[in-house]
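One-letter residues, chain by chain:
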Amino acid sequence: MGTCPLSRMSLLRDNFSGLLRLWARPEVLTCTPWGAPIIWDGTFDPDTAQQEAIQQNLTIGLTVFAVGRYLEKYLARFLETAERHFMVGQRVVYYVFTERPAAVPRLPLGPGRQLRVERVSRERRWQDVSMERMRTLHAALGGRLGREADFVFCMDVDQYFSGAFGPEALADSVAQLHAWHYHWPLPMLPYERDARSAAALASGEGDFYYHGALFGGTVEAVRGLTAHCARAQEQDRVRGLEARWHDESHLNKYFWLHKPAKVLSPEFCWSLEIGRRAEIRHPRLLWAPKEYDLVRD
Ligand code: 2GW
Ligand code: MN
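Residues numbered from 1 in each chain as written. Chains lettered and ligands numbered in written order. Predicted model: local features only at pLDDT ≥ 70, side-chain atom pairs only at ≥ 80, totals over all residues. Heavy atoms only, no water.

S.K.: Explain the overall build of the protein to me, please; I cannot follow it from the model alone.
M.R.: On a plain count of helices and strands, the protein comes out with 8 helices and 10 strands. Each of the three principal axes of the protein carries a C-alpha extent, and together these read 65 × 50 × 40 Å. Contacts in the protein between residues at least 24 apart in sequence constitute 74% of all its contacts with a sequence separation of at least 6. For the protein, the separation between the mean place of its 37 positive charges and that of its 36 negative charges on side chains is 2 Å. (Helix = DSSP H or I, 4+ residues; strand = E, 2+ residues; numbered from the N terminus. Contact = heavy atoms within 4.5 Å. Lys, Arg positive; Asp, Glu negative; His and termini not counted. Charge placed at Lys NZ, Arg CZ, Asp CG, Glu CD.)

If you want it as structure tokens, here you go:
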């Protein structure tokens, strides 16, 4: 029995993209130990990714929370730059969660792009604003967002797009390497270490340190992720605990237990404060400058 030519073709293509990843960026890690691609500039062909996504007729959700002063400070630039760079050519639905729907900027949107505003209540503590996102997202994924999107990305609002962020970033589950920590040795990564916390990683555990500012995947995968994190946060709360980096600590625990299918290089969420790094060729999303005195109460 011969191999069907079609599967031989796709085998060839898969091997080719694997080799391309290794050859294109020999100076960086382009594959995780469990075989997931780590996406660096030059390791993917954006046109192929675009073509494949269009054939699948996808709807991609982008969720962002803008509560309190973060709305005026960050939301307009986040959305304006997303219009220029995020999944251009695909069907996109923005989901903005805020306690002041009327204050959301009315932006002209490109064809096939929509914005929905969902009301959330304002938490008193900023740690809770950040952590409550997991529960709110989980509920939204069980509702309209979950019905209309195929894939979803969940992002911090205090950043802006600076380059094409396209369907090459799509996968079942997607994690972002943290710009400050991607080259740190494992024992130094800032995981939660208190064994009583649901977010705890013991010494020797952990693969990478992922950034809470960006994660995504299929609706189903992100539902699982947000359910896990919301439950784990609640478990800590009733025990009077709070993980070191809040939702980010729980996210890191989740991705230790459930390995991401794709990992984005720090080029996909970079901080200019780090300065020049030879391997950072083409940042696609940049951290907005923080003015803690202005936004932290
Ligand atoms: C957060 C901290 C202090 C003061 C205000 C806020 C705040 C956050 C707020 O007033 N309004 C608001 O909408 N947020 C949302 O929560 C917003 O979407 C923001 O991007 C997100 C996370 O807060 P942020 O961006 O100030 O936290 P970072 O940049 O220090 O975030 C990392 O660590 C967090 C946990 O401490 C999260 O895991 C976050 O995803 C990480 O990037
Ligand atoms: Mn942030």
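S.K.: Is there a simple way to think about the site of ligand 1 in this case?
M.R.: Residues in close proximity to ligand 1 total 21 residues, the closest being F65, V67, Y70, D156 and H246. A distance of 2.7 Å separates an oxygen atom of ligand 1 from a polar atom in the side chain of H246. In isolation ligand 1 offers 730 Å² of accessible surface; the protein chains occlude 93% of this area. Only helix 4 (126-141), strand 8 (210-218) and helix 7 (247-257) provide two or more residues apiece to the shell around ligand 1. Split by residue class, the shell around ligand 1 holds 10 nonpolar, 4 polar and 7 charged. (Near = heavy atom within 4 Å. Polar contact = N/O pair within 3.5 Å; in protein donor to acceptor, adjacent residues only side chain to side chain. Areas by Shrake-Rupley, 256 points an atom, 1.4 Å probe, with all protein chains shown as cover. Nonpolar A, V, L, I, M, F, W, Y, C, P; charged D, E, K, R; others polar.)

S.K.: Sorry, what's going on with the nonpolar core here?
M.R.: Within soluble globular proteins, side chains that are nonpolar tend to cluster in buried spots. One finds F86, F153, M155 and F165 to be the most contacted residues of the largest nonpolar core, which totals 77 residues. When neighbours within four sequence positions are excluded, F165 is seen to be in contact with H85, F86, M87, F153, M155, L214, L264, F268 and R284. (Core = buried A, V, L, I, M, F, W, Y, C linked by side-chain atoms within 4.5 Å. Buried < 20%, exposed > 50% of the residue type's maximum accessible area, 1.4 Å probe, protein only.)

S.K.: Is there a simple way to think about empty space enclosed by the protein in this case?
M.R.: Unfilled space is identified by rolling a water-sized probe across the atoms. Under the definition given, this model contains 1 cavity of 30 Å³ or more. For the largest cavity, the calculated volume is near 70 Å³. Where the lining of the largest cavity is concerned, the elements lending two or more residues are strand 2 (59-65), helix 4, strand 5 (151-155) and strand 8. If one sorts the elements of the lining of the largest cavity by residue count, helix 4 sits on top with 4 residues. (1 Å grid on protein atoms, 1.4 Å probe; cavity = no way out; pocket = protein on both sides within 12 Å on 5 of 7 lines; lining within 4 Å. Points joined across faces, edges and corners; volume = space filled by probe spheres on them.)

S.K.: Mind showing me how you'd approach the environment of T226 here?
M.R.: Note on placement: T226 falls in helix 6 (residues 219-238). Each C-alpha atom of the pair T226 and L137 lies 6.7 Å from the other, and the pair is 89 residues apart in sequence. Every residue in contact with T226, bar those within four places of it in the chain, is listed here: M134, L137, H138, L141 and F215. Among the polar contacts made by the side chain of T226, one reaches the main-chain carbonyl oxygen of V222 at a distance of 2.8 Å.

S.K.: Teacher, can you tell me more about the pattern of salt bridges here?
M.R.: Tallied over the full model, the rule gives 17 salt bridges. For the salt bridge of R125 with E242, the shortest nitrogen-to-oxygen distance reads 3.0 Å. Of this pair, R125 sits in the loop between strand 4 (113-119) and helix 4 while E242 sits in the loop between helix 6 and helix 7, placing them 117 residues apart in sequence. On the basis of relative accessibility, which here comes to 30%, the residue R125 falls in the partly exposed class. A salt bridge links R133 to D156; the shortest N-O distance between them is 2.8 Å. With R133 in helix 4 and D156 in the loop between strand 5 and strand 6 (159-161), this residue pair connects regions lying 23 residues apart in the sequence. The exposure class assigned to R133 is buried, which follows from its relative accessible area of 13%. Residue D156 is classed as buried on the basis of its relative accessible area of 16%. (Salt bridge = Lys/Arg side-chain N within 4 Å of Asp/Glu carboxyl O.)

S.K.: Sorry if this is basic, but what is going on with the packing of helix 6 against helix 7 here?
M.R.: A pair of packed helices can be characterised by two numbers: the angle between their axes and the separation between those axes. With their axes 9 Å apart at the nearest point, helix 6 and helix 7 run at an angle of 125 degrees to one another. The angle between the axes of helix 6 and helix 7 places the two elements in the oblique class. Pair helix 6 / helix 7 crosses with right-handed handedness. Listed contacts from helix 7 to A221, G224, L225, H228, C229, A232, Q233 and D236 of helix 6 are D247, H250, L251, K253, Y254, F255 and L257. (Axes fitted to C-alpha atoms, helices over the stretch in contact; angles between N-to-C directions. Parallel < 35°, antiparallel > 145°, perpendicular 65-115°, else oblique. Left-handed = near helix turned anticlockwise from the far one by under 90°.)

S.K.: Looking at this structure, I do not really get unusual backbone geometry. What am I missing?
M.R.: Even without being a glycine, N57 presents a positive backbone phi close to 55 degrees. By the element assignment, N57 lies in the loop between helix 2 (46-56) and strand 2. With a phi angle near 55 degrees, H246 is a residue other than glycine that sits in the positive phi range. Tracing the sequence through the fold places H246 in the loop between helix 6 and helix 7.

S.K.: Is there a simple way to think about the pairing of strand 8 in this case?
M.R.: For a regular strand, the rule is simple: side chains alternate between the two faces of the sheet. Across the 9 residues of strand 8, 9 count as buried, placing the element largely inside the fold. Pairing geometry for strand 5 and strand 8, over 5 bridges, is antiparallel. Following the sheet pairing, C154 is matched in strand 8 by F215. Bridge analysis of strand 7 (residues 173-177) against strand 8 gives 4 bridges, and the strand direction is antiparallel. Residue pairing for strand 8: V174 is matched across the bridge by G216. (Pairing = 2+ DSSP bridges.)

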